[in-house]
Amino acid sequence: MGLTMAEKILARAAGRARVEPGEIVTVEVGKAVLIDLSFVPTSFLRSEILRVKDPERVVIVFDHIVPARDVQSAEALKIGREVATRLGIRRFHDVGPDQGICHQIIADYGYAVPGTVLVCPDSHTCSAGAFNCAARGVGGPEAVYAACTGQTWFRVAPTIRYLLEGAPRFAVSAKDIFLHIAGTWGDHVNTNVEFTGPYAAAMTLDARRTLTTMCAEISAEFALFEADDKTIAHVRARTSEAFEPVAPDPDARYEDVRTIDVGAIDPMVALPDTVVRNTRPVAEVGDVAIHQAFVGSCANGTLDDLAMAARVVKGRRVAPGVRFIVTPGSQAIYLEALRRGLVRTLTESGAIVTSSTCGACAGLHLGALAAGEVCVTASTRNFKGRMGSPDAKVFIASPATVAASAVRGRIVDPRELLRRKRPARARSASAP
Amino acid sequence: MIQGRVWKFGSDINTDLILPTPVIFKPPEEQPRWVFSANRPGWAQGVQPGDVIVAARNFGTGSGRPAARVLKDLGIACVVAESINGLFFRNCVNYALPALECAGIHDAFDELDVAEIDFERATVRNRRTGRALAGRPWPLSLRRILEAGGLLALLRTEGYLGPVVESGTVGTAPMAGP
Ligand code: SF4
């Protein structure tokens, strides 16, 4: 019997020929990524890290509370800086040009190495599966354990394979495909997912990462794509590490194989509080007026996403009474968005473009919601209280839907705005 | 043997409900009283040490925050659910909170029934009905972490971590809420 991608990576990292679903395996960790919250004493780590196995395999990214949102955050960041210096951790992403949300940084700096294991405290670490990397959020203590010892454990999970076929309709993106999956099949607890098929191959790396990042919301274990030329070129350009991607065996054993015609999916929305079996096409959501629209986070702060938001609002105004907040996934993306004129287009429309941070996504700063407010967000999560008051309502959608909703002041299908602008798009397509 | 009153919860109970984001920044000893303050205000105040949570699918979905620790600090002796989010489960191991996946558990208990749990064998019995269910036992390697008092304690013993810093020195960000 053949192996799935997750089984192959875990077997390799465990130094074994094969692993079986259900068993617990101890594996070598390729990269252990710590984040700023790792150093917030009230969060978990009320002690000093004295030594790590290999500082070259440890990364520190400041993302949730930067620039320091209050004195307590400033103290935590200070501790983090001291730890990075003392332990000799060179891959340290402090406030400045190479800072960003950890999962974006993991992608941008080639820390997600195909065929290896990566861990981080943060739940959306499955994001790096877009690069054929068995990556997983493991919580605060385990990430420190992995940094200290170079090892961790996993319970090998069965795998569900998604075969993505067809071509998406106009203005339908990876976020909509994810919301379709979450709405149709619900949680994937204790299960890996693999994305394959012709459309998986056609997707950009940004779009693949949106999909794998969102898999945290359905409680998947690993969410993996195969490595193709795009992946390999991306990683090679960013790391000198040798690597060997994995592909699933033709006779790999799956818990289920599900074929999705992505061409049958319309722009989707998750209703407040969860994405699990709680999504529907925008057209079926009814008339929902909004106070805030947000494009950002580790799932939707990519250049693709900012470009889409800018395209939707170009030459239009954000509706009166709506705050439209856009947060690039990293400062490098911010800079590139500046170069391409996206920041200008967004700002002229009335949007606020912030520095790269988790910020509004987790209600931490730069855009928390008051009681009774309604937000449509292209971020990861809409739990009660996630973006501020527990009495706010948060709907999740794609960047296109969020931007169109910002313009209309209510949740709308982005195709309504984009279709009317086709001549304008043809002109801008020829611009440099 | 764990014996405790049962509090029942449904599916998809998330970490932000267990430990709301602003509470992460409060001193650890103040955190437990905010558990489920958004969806079950006042609940945390009625919990007695040794109580048990029984839930449906996907318990603990959400973030890597120390939600398991705050349940343990509140006095919860065990979480039993039809299924448990993998990250939350790992935090249960690492914060030494017993947690079992057990098919059929949600329908086997009413609120305030008493659960008798043999954690090592992963059996759960409803004292009122006499019905017993078998869950998924923890392998020895994970039970060792639990018995050591959690992963951070283990790391301290092995010389990777320094002593615990007293929480008097940690911040007290203000929080609006119930
Ligand atoms: S952007 Fe949001 S989901 Fe992503 S790591 Fe930050 S807080 Fe978590």
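Residues numbered from 1 in each chain as written. Chains lettered and ligands numbered in written order. Predicted model: local features only at pLDDT ≥ 70, side-chain atom pairs only at ≥ 80, totals over all residues. Heavy atoms only, no water.

Caption draft 1: Local environment of helix α4 (residues 139–149) of chain A. The element α4 of chain A is largely enclosed, with a buried count of 11 among its 11 residues. Of the residues one or two after α4 of chain A, Gly 150 of chain A is the one with positive phi, at around 80 degrees. (Buried < 20%, exposed > 50% of the residue type's maximum accessible area, 1.4 Å probe, protein only. Helix = DSSP H or I, 4+ residues; strand = E, 2+ residues; numbered from the N terminus.)

Caption draft 2: The arrangement of the nonpolar core in detail. Judged by nonpolar contacts, the single largest core of 133 residues is most densely connected at Val 117 of chain A together with Ile 18, Trp 43, Phe 59 and Leu 71 of chain B. Counting 43 residues, the second largest nonpolar core, distinct from the first, contains Ala 293, Val 295, Ile 333 and Ala 403 of chain A. (Core = buried A, V, L, I, M, F, W, Y, C linked by side-chain atoms within 4.5 Å.)

Caption draft 3: Spatial organisation of the environment of Arg 144 of chain B. All names here are of chain B. Looking at the element boundaries, Arg 144 is found in helix α6 (residues 140–147). According to the relative accessible area criterion, Arg 144 is exposed, its value standing at 54%. Considered as a pair, Arg 144 and Lys 26 are 118 residues apart in the sequence and their alpha carbons are 30 Å apart.

Caption draft 4: Looking closely at the domain arrangement of chain A. Residue and element names in this part refer to chain A. Each domain of chain A was delimited in the assignment, giving domain 1 (5–159 + 222–242) and domain 2 (270–414). When each unit is reduced to the centre of its C-alpha atoms, the spacing between domain 1 and domain 2 is 27 Å. Contact with domain 1, which involves 17 residues of that partner, is made by 18 residues of domain 2. Of the roughly 1,400 Å² buried at the junction of domain 1 and domain 2 (both faces included), carbon and sulfur atoms supply 58%. Contact with domain 2 buries area across many residues of domain 1, yet Ile 101, Gln 104 and His 124 alone supply 40% of it, more than any other trio. The interface formed by domain 1 and domain 2 contains 9 residue pairs in polar contact (both at pLDDT 80 or more). When grouped by side-chain class, the residues that make up the side of domain 1 that touches domain 2 number 6 nonpolar, 8 polar and 3 charged. (Domains from an automatic or database assignment. Contact = heavy atoms within 4.5 Å. Buried area = accessible area lost by both parts, 1.4 Å probe. Polar contact = N/O pair within 3.5 Å; in protein donor to acceptor, adjacent residues only side chain to side chain. Nonpolar A, V, L, I, M, F, W, Y, C, P; charged D, E, K, R; others polar.)

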